[in-house]
Amino acid sequence: GYFWFMNALLAIYLIFPVLKNAFDDNLGQRYLLYAACGLMVFVFGVNALADAFSVAVKAIGVNISNPFGSLQEYNIFGNYSNALVYFLIGGYLPKIVDKLKSRLKNRLPLVLTVVSSVSYVLILLLQRYQARVDGVAFYVASGYNNVLVLLMTVSILSLLSGMEVHSERLKNMWGNS
């Protein structure tokens, strides 16, 4: 209907400020990290298992119903739990990038580029598979709940957050932040 976005707006205006207060507290950050990991298992792990199972079954040529497909119904966090995961990862991303920079040094941009490129190719292959087998055209059926989309999004955001703008014209256009 017309108000498809209301659940997302409620999440943004009611839940996210509470999470922000918890994120500002050191102990709250640890608990939110546990919550983010749990959410990632519920949202992305179940979806990855369902996708992998359906591809494997079709590759083998066996006709078995997907036992992981119905697990999404038991996701207690609702349909917009992926937005919560992306929100929490966005909060932790600077710390994650700093840890990766200290370990990978100058190779971080290359690693992030490879991760995003491989994720893109795998998403493209999954989309072509879903188009051929399930009749899904021009999008991945699992969308934002796909772990490959998460990897690609996080790696591209990390890559772009480390960019330095040297053009004065671009700096003036984007602001002096």
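Residues numbered from 1 in each chain as written. Predicted model: local features only at pLDDT ≥ 70, side-chain atom pairs only at ≥ 80, totals over all residues. Heavy atoms only, no water.

### Concerning the side chain of Gln 127
Here is step 1: As for its placement among the helices and strands, Gln 127 is situated in helix α4 (residues 108–133).
Here is step 2: Reaching out from Gln 127, the side chain makes a polar contact with the side chain of Arg 128 at a distance of 3.1 Å.
Here is step 3: Beyond its immediate sequence surroundings of up to four residues, Gln 127 is in contact with Val 136, Ala 137, Phe 138, Tyr 139 and Val 140. (Helix = DSSP H or I, 4+ residues; strand = E, 2+ residues; numbered from the N terminus. Polar contact = N/O pair within 3.5 Å; in protein donor to acceptor, adjacent residues only side chain to side chain. Contact = heavy atoms within 4.5 Å.)

### Focus: the nonpolar core
Here is step 1: Counting 22 residues, the largest nonpolar core has Leu 32, Phe 44, Leu 84, Leu 88 and Ile 123 as its most contacted members.
Here is step 2: Those elements that provide at least two residues to this core are α1 (6–24), α2 (26–60), α3 (81–104), α4 and α5 (147–161).
Here is step 3: In this structure, Phe 44 is in contact with Leu 39, Asn 82, Val 85, Tyr 86, Tyr 144, Asn 145, Asn 146, Val 147 and Leu 150, ignoring residues within four places of it in sequence.
Here is step 4: If you look at the next biggest cluster of nonpolar residues, it comprises five residues, including Leu 93, Leu 104, Leu 108 and Leu 112. (Core = buried A, V, L, I, M, F, W, Y, C linked by side-chain atoms within 4.5 Å. Buried < 20%, exposed > 50% of the residue type's maximum accessible area, 1.4 Å probe, protein only.)

### Digging into the packing of aromatic side chains
Here is step 1: Under the criterion given, the structure shown has five aromatic pairs.
Here is step 2: On the numbers, 5.0 Å between centres and 75° between planes, the contact of Phe 23 with Tyr 92 is edge-to-face. Of this pair, Phe 23 sits in helix α1 while Tyr 92 sits in helix α3, placing them 69 residues apart in sequence. With respect to burial, Phe 23 and Tyr 92 carry one shared label: buried.
Here is step 3: Between Phe 44 and Tyr 86, the ring centres sit 6.0 Å apart and the planes meet at 85°, which makes this aromatic pair edge-to-face. Note that Phe 44 is positioned in helix α2 and Tyr 86 in helix α3, a separation of 42 residues in sequence. Assigned by exposure class, Phe 44 and Tyr 86 land together as buried.
Here is step 4: Here a set of aromatic residues connected by ring pairs shows up, and it is made of Phe 44, Tyr 86 and Tyr 144. (Phe/Tyr/Trp six-rings, centres within 6.5 Å; stacked < 30°, edge-to-face > 60°.)

### Thoughts on the side chain of Asn 47
Here is step 1: Secondary-structure assignment places Asn 47 in helix α2.
Here is step 2: Contact partners of Asn 47, with chain neighbours within four places excluded, come to Gln 72, Ser 142, Asn 145 and Asn 146.

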